[in-house]
Amino acid sequence: MTDPYREIDPAALDLARSLLANSRHASLAVIVAPGQPMVTLIALGQDLCGRPLSLISGLAAHTQALMHTPACSLLLREPGAKGDALSHPRLTLLAQAQIIPRSDAQHDRRAAHYVQQNPKAKLYLGLGDFTFVQFQVDHALLNAGFGKAYRMTAADLGI
């Protein structure tokens, strides 16, 4: 079997970076218990360095799972107006989650930046159980359409 991944080209890099910069939601896959994966939908933004960031509740099952097992995956996609959803571009990020305590020195600056991207998050920032989680991307897989698969590093993505 041949390697299904193409060599990275400028168009693939632009598409992957665009998905990363503009996606405001992601499917988050976590391990809730050995052999028990779970997928949920989260709001998404970028931290001050462009890395994926979310504001999550400490009461949520996915937060508890990330605190126990930080390995996770995020699926970012641009829904198309029409057609087969599987033909639209999507970026899978394989990452390690880092829960950032509210006491972190950059919390207010991070919160202001995040609210610019996700204005409705302002409501959740006032709730004591919400905190930020930053995703350290190990590598990424871009599906740019049928037969257009690319393997990328965090450095390729600029993060």
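Remember, it's a predicted structure, so these values are computed and weren't measured experimentally.

Let us now look at the layout of surface pockets. In this model, the largest pocket occupies a volume close to 280 Å³. Around the largest pocket, the lining comprises 15 residues; the ones closest to its centre are Ile42, Ala43, Leu55, Tyr114 and Tyr124. Residue assignment for the lining of the largest pocket shows that the elements contributing at least two residues are β3 (36-43), β5 (52-57) and α4 (121-125). Looking at side-chain class alone, the lining of the largest pocket contains nine nonpolar, five polar and one charged residues.

For the structure shown, the criterion picks out two aromatic pairs. Pairing tyrosine 114 with phenylalanine 132 gives two aromatic rings, centres 5.4 Å apart and planes at 75 degrees, and the pair type is edge-to-face. Here phenylalanine 132 lies in strand β8 (residues 130-143) and tyrosine 114 lies in helix α3 (residues 107-117), a separation of 18 residues in the sequence. Since its relative accessible area comes to 1%, tyrosine 114 is described here as buried. Measuring from centroid to centroid gives 5.1 Å for tyrosine 124 and phenylalanine 130, while their planes differ by 35 degrees, and the two rings are tilted.

The end-to-end C-alpha distance of helix α1 (residues 10-22) is 18 Å, a good match for the 18 Å that 13 residues give at a rise of 1.5 Å each. Listing the buried residues of α1 in full gives Ala12, Leu13, Ala16, Leu19 and Leu20. For α1, the arc enclosing every buried residue in end-on projection is 130 degrees, short of the 170-degree limit, so these residues lie on one face. Turned more than 90 degrees from where α1 packs its buried face, Pro10, Ala11 and Asp14 sit exposed. Of the residues flanking the start of α1, the one acting as N-cap is aspartate 9, its side-chain oxygen 3.2 Å from the backbone nitrogen of alanine 11.

Turning our attention to the pattern of salt bridges. All told, the structure shown has two salt bridges when counted by the stated rule. With its nearest N and O atoms 3.2 Å apart, the salt bridge here joins aspartate 104 to arginine 110. Owing to a relative accessible area of 27%, aspartate 104 belongs among the partly exposed residues under this scheme. Exposure remark for arginine 110: the relative accessible area of 12% places this residue in the buried category.

Position of alanine 16 among the secondary structure elements: in helix α1. The buried category is assigned to alanine 16, whose relative accessible area is 0%. Measuring from C-alpha to C-alpha, the distance between alanine 16 and aspartate 84 comes to 20 Å, with 68 residues separating the pair along the chain. What alanine 16 contacts, discounting residues up to four positions off in sequence, is Leu91, Leu142, Met152 and Leu157.

Another point: the pairing of strand β6 (residues 71-77). With burial as the criterion, only one face of β6 is covered, namely that bearing Cys72, Leu74 and Leu76; the residues Ala71, Ser73, Leu75 and Arg77 on the opposite face remain uncovered. Relative to β6, strand β2 (residues 25-33) is paired through three bridges, and the arrangement is antiparallel. Bridging from a neighbouring strand, alanine 29 pairs with serine 73 of β6. Pairing geometry for β6 and strand β7 (residues 90-100), over seven bridges, is antiparallel. Following the sheet pairing, alanine 71 is matched in β7 by glutamine 96.

Parameters and conventions
Residues numbered from 1 in each chain as written. Predicted model: local features only at pLDDT ≥ 70, side-chain atom pairs only at ≥ 80, totals over all residues. Heavy atoms only, no water. 1 Å grid on protein atoms, 1.4 Å probe; cavity = no way out; pocket = protein on both sides within 12 Å on 5 of 7 lines; lining within 4 Å. Points joined across faces, edges and corners; volume = space filled by probe spheres on them. Helix = DSSP H or I, 4+ residues; strand = E, 2+ residues; numbered from the N terminus. Nonpolar A, V, L, I, M, F, W, Y, C, P; charged D, E, K, R; others polar. Phe/Tyr/Trp six-rings, centres within 6.5 Å; stacked < 30°, edge-to-face > 60°. Buried < 20%, exposed > 50% of the residue type's maximum accessible area, 1.4 Å probe, protein only. Expected span 1.5 Å × (residues − 1). Arc of directions from axis to C-beta. Polar contact = N/O pair within 3.5 Å; in protein donor to acceptor, adjacent residues only side chain to side chain. Salt bridge = Lys/Arg side-chain N within 4 Å of Asp/Glu carboxyl O. Contact = heavy atoms within 4.5 Å. Pairing = 2+ DSSP bridges.

The values are spatial; any link to function lies outside them.
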